[in-house]
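Each chain is listed here by its residues.
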Amino acid sequence: MIFKTGLKEFLLPSVRRKFLLRALVVAACAALIFRFIAVPSWIAGKSMEPTYRDGSLVFYLPWLPRLRPPEVGDVVMVRMAGRRMMLMKRIVAKAGDTVEFRQGYLYVNNERQREPYVQYRSQWEMESSTVGPGRVYLVGDNRGMPIDQHDFGQTDKRRIAGYPLW
Amino acid sequence: MKSLNINWKTGVFTAVILTAAVFFLVRHFTTGEEAAIRRKLSALEDNISRSPGDGNITLSLKNQRLTPLFANPCRIKIPKYNVDMETTPREIAAQVFRLHSRASRVDLRFYDISITLTGEKKAEIIATVNVQGRAPEGGRFSETEEAFIEVVKEEDEWKFASFEQIEILER
């Protein structure tokens, strides 16, 4: 009987002032967490495969770039006109570095990079380009697609909107 | 179920506050120049998008509704594809017609729209544009870019005067 009453109360609670207040606090906390602390985001696209799969869910931390500046190797979310649609890429070089692709391999400052996260690779070729001041160079982990179909390049550091939680 | 344990004064006060909030929100999003521009963006989304069920008559109507949305000339600049040209509303409608005949589904959406009125008859929009689609043979395409759009007011109607892709990643 106690169990029945408890279940009924859990599923169909009496709408009292205390209950409304509790519901309001839960809703406010959820809104605060999912809006400012760990923001949910769906991945649409294959440019970060196999690290992040098309269609999977990630949470990103929008406050972390203010505490820890982005570094080479970090996966970051890049803001466009706002935060509803963003790009997800990996930082491969910082301001002042030169970036180049030879036979599918990334060269930073003329040194071939070890990239354990890259599992698909095709013959990308790109002439050397220098990263401008206040900018970082971003590339996706999926290098198996033709170079023309992969969006990559340098962008302003201020566009970095967060780091994925995992 | 027990009734709500709130006195009538609190109830009336809450109802008045909620009604006022809804009224101001609805007014904010449905009147004024910014709302008129948002409606033009929605019209652009509706008339460029096509669902697999859209027949020739629907597509033809959509095409007819596109022409009055653009100023003449309209500038289009897409650095990614080395496009920088001035074109006419008719030419834009013809290009969309070609897109509709090549794709069984097209979905155009604007996100994170910010509108700035720069004059009585001029405004600037910054938005993220997402186009997704499917070719009849099943191949999918998807493109997301940030865009800078200029609109001008002609004969009491807002019209799109230029579209420019903002390069976020520069090789």
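Everything that follows concerns the structure shown earlier in this document.
About the cut-offs
- Residues numbered from 1 in each chain as written.
- Chains lettered and ligands numbered in written order.
- Predicted model: local features only at pLDDT ≥ 70, side-chain atom pairs only at ≥ 80, totals over all residues.
- Heavy atoms only, no water.
- Patch = residues over 30% accessible without salt bridge, like charges linked within 9 Å, V, L, I, M, F, W, Y side chains within 5 Å.
- Areas by Shrake-Rupley, 256 points an atom, 1.4 Å probe, with all protein chains shown as cover.
- Salt bridge = Lys/Arg side-chain N within 4 Å of Asp/Glu carboxyl O.
- Helix = DSSP H or I, 4+ residues; strand = E, 2+ residues; numbered from the N terminus.
- Buried < 20%, exposed > 50% of the residue type's maximum accessible area, 1.4 Å probe, protein only.
- Pairing = 2+ DSSP bridges.
- Axes fitted to C-alpha atoms, helices over the stretch in contact; angles between N-to-C directions.
- Contact = heavy atoms within 4.5 Å.

A.B. asks: What's the story with a nonpolar patch on the surface in this structure? I'm lost.
C.D. replies: All names here are of chain A. A surface patch of nonpolar side chains, about 690 Å² in accessible area, is lined by Leu-32, Ile-33, Phe-34, Phe-36, Ile-37, Trp-63 and Leu-67. When residues in the nonpolar patch are grouped by element, the largest group, 5 residues, is from helix 2 (residues 17-37). Along the chain, Leu-67 turns up in helix 3 (residues 64-67).

A.B. asks: How do you make sense of the environment of Gln-149 of chain A when you look at a structure like this?
C.D. replies: All names here are of chain A. The topology assignment puts Gln-149 in the loop between strand 9 (135-139) and strand 10 (153-156). Judged by relative accessible area, Gln-149 falls into the exposed class, the value being 60%. As a C-alpha pair, Gln-149 and Ser-47 span 102 residues in sequence and 9.2 Å in three-dimensional space.

A.B. asks: What should I look at first to understand the sheet that holds strand 6 (residues 157-166) of chain B in this one?
C.D. replies: Hydrogen bonds between backbone groups are what pair the strands of a sheet, and the pairing can be parallel or antiparallel. All names here are of chain B. With mixed pairing, 6 strands are arranged side by side in an open sheet as 2-1-6-5-4-3. Edge positions in the sheet fall to strand 2 (83-87) and strand 3 (105-119), since each has one partner strand and no second. Across this sheet, the average inter-strand angle for adjacent strands is 20°, counted without regard to direction. Note: strand 1 (residues 70-78) against strand 6, 4 bridges, orientation parallel. When the bridges of strand 6 are listed, Ile-76 appears paired with Phe-163. Taken strand by strand, helix 2 (residues 32-48) contacts strand 1, strand 3, strand 4 (122-134), strand 5 (140-154) and strand 6, and its axis lies near 160° from that of strand 3.

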